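Architecture and fold: a report
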Amino acid sequence: LNLGLTCDLELENYRVCSALTIAQGRRIFRKEKIDLVLLDRSLPDGDGILFCREIKKERNIPVIFLTARDMEEDEIAGFDCGADDYITKPFKVPILHRRIQAALRRAEAEELCYDDGHLVIDFKRLTAALGGKSLALTPTEYRLLRLLIANEKTVMTKRLLLEKLWDSNGSFVDEHAVAVNINRLRKKIESGENTYIKTLYGVGYQWNGYC
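Structure report, in brief. (Residues numbered from 1 in each chain as written. Predicted model: local features only at pLDDT ≥ 70, side-chain atom pairs only at ≥ 80, totals over all residues. Heavy atoms only, no water.)

**Re the overall build of the protein chain**
Here is the rule: The way it works is that DSSP assigns letters per residue, a run of H or I at least four long becomes a helix, a run of E at least two long becomes a strand, and they are numbered from the N terminus. Note on exposure labels: buried denotes an accessible area under 20% of the residue type's maximum, exposed denotes more than 50%, and partly exposed covers the range between, all computed with a 1.4 Å probe on protein chains only. Here, two residues are considered to be in contact whenever any of their heavy atoms come within 4.5 Å of each other. Per-residue and other accessible areas follow the Shrake-Rupley method at a 1.4 Å probe size, with only the shown protein chains counted as cover for residues. When charges are counted, Lys and Arg contribute as positive and Asp and Glu as negative, whereas His and the chain ends are disregarded. Charge placement uses NZ in Lys and CZ in Arg. For Asp and Glu, CG and CD serve respectively.
Each helix and strand in the protein chain was counted, giving eight helices and twelve strands. Principal-axis analysis of the C-alpha atoms places the extent of the protein chain at approximately 55 × 35 × 30 Å. A total of 211 residues make up the protein chain; the buried ones form 38% of that total. A separation threshold of at least 6 residues defines the contact pool for the protein chain, and within that pool the share at least 24 residues apart is 48%. As displayed, the protein chain has an accessible area near 12700 Å², and 52% of this comes from carbon and sulfur atoms. Each charge sign in the protein chain was given a centre, from 32 positive and 32 negative side chains, and these centres are 5 Å apart.

**So, the sheet that holds strand β6 (residues 113–115)**
The strands that make up a sheet are held in pairs by hydrogen bonds between backbone atoms, and each pair lies either parallel or antiparallel. Selection criterion: Note: two strands are recorded as paired if DSSP finds a minimum of 2 bridges between them. Note on method: axes are straight lines fitted to C-alpha atoms, helices fitted across the in-contact stretch only, with angles between N-to-C directions ranging 0 to 180 degrees.
If you walk across this open sheet you meet the four strands as β6-β7-β8-β9, and the pairing is antiparallel. Of all the strands in the sheet, just β6 and β9 (133–135) have a single pairing partner and so form its edges. With direction set aside, neighbouring strand axes in the sheet form an average angle of 20 degrees. The pairing of strand β7 (residues 119–122) with strand β8 (residues 127–130) spans four bridges and is classified as antiparallel.

**A closer look at the pattern of salt bridges**
The line we're drawing: Each salt bridge in this description consists of a side-chain nitrogen of Lys or Arg and a carboxyl oxygen of Asp or Glu lying within 4 Å of one another.
Enumeration according to the criterion identifies 13 salt bridges in this entry. Between Asp85 and Arg99 there is a salt bridge whose closest N-O contact spans 3.0 Å. Here Arg99 lies in helix α5 (residues 93–111) and Asp85 lies in strand β5 (residues 85–88), a separation of 14 residues in the sequence. Measuring nitrogen to oxygen at the nearest pair gives 2.8 Å for the salt bridge that ties Arg125 to Asp122. Overall, the relative accessible area of 12% leaves Asp122 in the buried class.

Set out below in C-alpha cells:
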C-alpha cells in the first residue's frame, strides 16, 4: 500500500501492515494476525494472483484486489483465484472503506458457523450436531472449539489457550482443565474413523478438520 492509503486506513482505526513485494507480504502474513488483505495484481516479484491462492490455501480471510488491471479477463482471474472483491484504479476511498467493512462482516459471519458436512457448529446460537444428531457441549467446549477452528492448522500452545480461556466471570481455566475439556471434546466429536484435534505432546493442540 502507498503511504497515503496506509495513513487513511490508520485514521479509520485499522492496523495496517504494508508490503511492497510478495516476499515481504509472505513474511508479514506468517508473523502477524491478518484479518484482510488488499492486494495488487502487478508486483515487482510476481503476480498477485499466485499470492492470493497461497493466502486462501493457508487461511480463509478476505482478499480484495486493488489494481490498475481493469480488463474483464483480469477481473475474472481475480475472482477465480478466490478473491472476495476486485476494485480497479482510480477508485473512491469512501467506497473502498465500505467494501472493506462488507468483507470483514461476511468473514465474521462465516466464523460464527462451522460446517464440514459431518460436524455443524453455530457459535452464535451455541448449537452443534454430528452426523445430524445434536451434541451437548459446554460453554468452555464451545470456546475451545472456536479458538481451535479459527486457527486451523496452527498449533495452539497450552499457554495461549490458558490466556484465552477466561470465562465471563473472570475465573481462569488451568492447564489440567484444558486437557480435560480437550478429551471430552474428542469423545463427543471424534471416533475411530474421524479425528479433528491433533495433540503435539508438550506443546499444545491443532485443529486439522475432518479427516
